[in-house]
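Close look at the chain arrangement
So the chains spell out like this:
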Amino acid sequence: MPKSAMRACLRMLAALAAVALLLAGVLSRAEAAGDPVLTGFETRLVPNGFEADFRFAGTPRSRMMVLTGPNRVAIDFYDTVSAVKDLRIDANRMVAGLRQGLISNDRFRLVIELARPGIPELVTKTDGDKSTTTLRIVETDARTFRTSALSIGSETPVETGSIAAPAAEPKSYTVVIDAGHGGIDTGAIGKHGTQEKEVNLKFALALRDRLAADPRIHVVLTRDDDTYIPLGERSAIAQRAKANLFVSMHSDSIRYAALRGATVYTLSEKASDSLAREIADSENSADRFVDPQWREGAPEVFDILVELTRRETGDLSEHFAAGLVQELGRHDIRLIGNPKRSAGFRVLTAPDVPSVLLELGYLSNVDDEQLLLDESWRRDSAAAIASAISRFLGVEPVASAEPEK
């Protein structure tokens, strides 16, 4: 065997061994803490679809997502670990397969790949210190499935002796709005001395106030004053809030003074173009101000597991980015050419939260700088972004979110 292949094999074995040790440690902590443990799993075909029973010691809190391209149903069980060795689904007329893994210290995820479109429902029944969560997938047409996929996630807490409401019909959503830069990190500075950190905060507050009109949307700000927050902590705030969406607001400066307009960025390992790479390098450099206590990264042992989640949320991020570009255009907000781009932005790395970075405009352009300071334009922009968020979450935008004439 070539040395390079041998080294790759050894790295994989070491990663698998580390994951095994991690799982053993998590199981021990789960038993000590009384956390739910998956103890049994059964599947069956029914006349109009598919069913699966998950049996637990304890009662887990769950979250379900419906995803397209390819069609999937993802279920997160919080503070839960699996003691089932053979957790798989044989391919059948409804289900193509199943993937699983720990995606964080407190979350176990199942991803069910669908062979045909189907509407899922998650119901949990408790019996003393045990519970059974039943997933029902009812066959449907492709159009109805795509509509159901707009319900991107929901919390389904279950009380003893009760049946949870279907996870695909959430009542509220959490959106984290990130005002880029802050504190010692001023960000870009415009031709007339405008500081990016101040522009970003004003837009974040305006968007928060716009979304506040809808009681179904709960807004969390990464900062609401002139405070410095490391990039990793910004995405961690979204993870702790179990956010349905993360939007990072920026107004950068670039060397192309004539370039102006809004741009929507998603995360990718390779930048889509030189401009995206330059913006990502600029934004990622914000962590030069980070205190040593913030420089400790997450253990690499989770990388192989986190990648599963990144693939699922990446689809949602792309979906929202496309909708945001469309909504900005509908509200006559100027966009640059090819306004949907991607690069390796560190602030977008929360693996389980759909995330985008929005460049509202560029302070390196004097016309954009003037617009970014205009209160009326800020209100129009906030209306466009709020409308895109509402549509992405599958809730009808409030009437006032239409373009202001």
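Being a predicted model, the structure only gives us computed values, none of them experimental. (Residues numbered from 1 in each chain as written. Predicted model: local features only at pLDDT ≥ 70, side-chain atom pairs only at ≥ 80, totals over all residues. Heavy atoms only, no water.)

Here the focus is the overall build of the protein. When helices and strands are counted, the protein shows eight helices and 16 strands. Across the 405 residues of the protein, 52% fall into the buried class. Long-range contacts, defined here as pairs at least 24 residues apart, represent 73% of the contacts in the protein between residues at least 6 apart. (Helix = DSSP H or I, 4+ residues; strand = E, 2+ residues; numbered from the N terminus. Buried < 20%, exposed > 50% of the residue type's maximum accessible area, 1.4 Å probe, protein only. Contact = heavy atoms within 4.5 Å.)

Within this structure, the stated rule accounts for six aromatic pairs. Pairwise contacts between aromatic rings join Phe 41, Phe 54, Phe 56 and Phe 77 into one cluster. In this structure, Arg 61 packs its charged tip against the face of Tyr 78, placed 4.2 Å from the ring centre. (Phe/Tyr/Trp six-rings, centres within 6.5 Å; stacked < 30°, edge-to-face > 60°. Lys NZ or Arg CZ within 6 Å of the ring centre and 35° of its normal.)

Overall, mixed pairing links the five strands, which are arranged S5-S1-S2-S9-S8 in an open sheet. The two strands at the open ends of the sheet, each matched to only one other strand, are strand S5 (81-82) and strand S8 (118-127). The sheet contact formed by S8 and strand S9 (residues 130-139) spans 10 bridges and is antiparallel. Bridge pairing in S9 links Asp 127 to Lys 130. (Pairing = 2+ DSSP bridges.)

Right, let's get into helix H8 (residues 375-393). With 19 residues, H8 ought to run about 27 Å at 1.5 Å a step, and its terminal C-alpha atoms sit 27 Å apart, in line with that. Along H8, 15 of the 19 residues are buried, which leaves the element largely enclosed by surrounding structure. The backbone nitrogen of Ser 376 has a side-chain oxygen 3.1 Å away, supplied by the residue at the start of H8, namely Asp 374. Looking one or two residues past H8, Gly 394 carries a phi angle of roughly 85°, positive in sign. (Expected span 1.5 Å × (residues − 1). Polar contact = N/O pair within 3.5 Å; in protein donor to acceptor, adjacent residues only side chain to side chain.)

Now for the packing of helix H3 (residues 196-211) against H8. H8 packs onto H3 with a crossing angle of 55° between their chain directions and a minimal axis gap of 9 Å. Relative to H8, the element H3 lies oblique. Note on packing geometry: the crossing formed by H3 with H8 is right-handed. Each of Lys 202, Phe 203, Ala 206, Leu 207, Arg 210 and Leu 211 in H3 lies in contact with H8, whose residues at this interface are Trp 377, Arg 378, Ser 381, Ala 382, Ala 383, Ile 385, Ala 386 and Ile 389. Grouping the constituent residues of the contact of H3 with H8 by class yields 10 nonpolar, one polar and three charged. (Axes fitted to C-alpha atoms, helices over the stretch in contact; angles between N-to-C directions. Parallel < 35°, antiparallel > 145°, perpendicular 65-115°, else oblique. Left-handed = near helix turned anticlockwise from the far one by under 90°. Nonpolar A, V, L, I, M, F, W, Y, C, P; charged D, E, K, R; others polar.)

Below, the discussion takes up H3. Spanning 16 residues, H3 covers 22 Å between terminal C-alpha atoms, matching the ideal 22 Å at 1.5 Å per step. Along H3, the residues that are buried comprise Glu 196, Lys 197, Val 199, Asn 200, Leu 201, Phe 203, Ala 204, Leu 207, Arg 210 and Leu 211.

Next up on the list: unusual backbone geometry. The phi angle at Asp 79 is positive, at roughly 50°, despite the residue not being glycine. Note that Asp 79 resides in the loop between strand S4 (72-78) and S5. A relative accessible area of 37% places Asp 79 in the partly exposed class. The residue His 181 is not glycine, and still its phi comes out positive at about 65°. Tracing the backbone through its elements, the reader meets His 181 in the loop between strand S11 (173-179) and H3.

Summed over all chains, the structure comprises 21 salt bridges. The shortest N-O distance in the salt bridge between Asp 53 and Arg 44 comes to 3.0 Å. When the shortest N-O distance is used, the salt bridge between Asp 90 and Arg 88 registers 2.4 Å. For Asp 90, a relative accessible area of 51% gives the class exposed. (Salt bridge = Lys/Arg side-chain N within 4 Å of Asp/Glu carboxyl O.)

Turning next to the environment of Ala 321. Mapped onto the secondary structure, Ala 321 falls in helix H6 (residues 303-330). Assessed through its relative accessible area of 0%, Ala 321 is described here as buried. As for Ala 321 and Leu 357, which are separated by 36 residues in sequence, their C-alpha atoms are 9.0 Å apart. In this structure, Ala 321 is in contact with Val 264, Thr 266, Lys 340 and Val 356, ignoring residues within four places of it in sequence.

Here the focus is the sheet that holds strand S13 (residues 245-250). Pairing is mixed in the open sheet, where six strands are placed in the order S12-S11-S13-S16-S14-S15. The strands lining the two open edges of the sheet, one partner per strand, are strand S12 (217-221) and strand S15 (335-343). Averaged over neighbouring strand pairs, the angle between their axes works out to 20° when direction is ignored. Running at roughly 165° to S11, helix H4 (residues 231-240) makes contact with S11, S12 and S13 of the sheet.

Here we come to the confidence of the model for the protein. When pLDDT is averaged along the protein, the result is 78, and 71% of the positions lie at 70 or above. When the elements of the protein are averaged for pLDDT, strand S10 (residues 155-156) gives the smallest value, 39, and H3 the largest, 96. Here residues 21-33 is modelled with pLDDT under 50, and outside its nearest four sequence neighbours on either side it reaches 11 contacts, counting other chains as well. In the predicted structure, residues 287-308 sits below a pLDDT of 50 and forms 33 contacts with residues beyond four places in sequence or in another chain. (pLDDT = per-residue confidence, 0-100.)

In terms of burial, strand S16 (residues 355-359) is largely enclosed, as five of its five residues are buried. Judged by which residues are buried, S16 turns out to be covered on both faces: Ser 355, Leu 357 and Glu 359 on one side and Val 356 and Leu 358 on the other are all buried. Two strands pair when backbone bridges link them, and S13 and S16 are joined in this way by five bridges, in the parallel orientation. Across the sheet, Ser 248 pairs through a bridge with Leu 357, a residue of S16.

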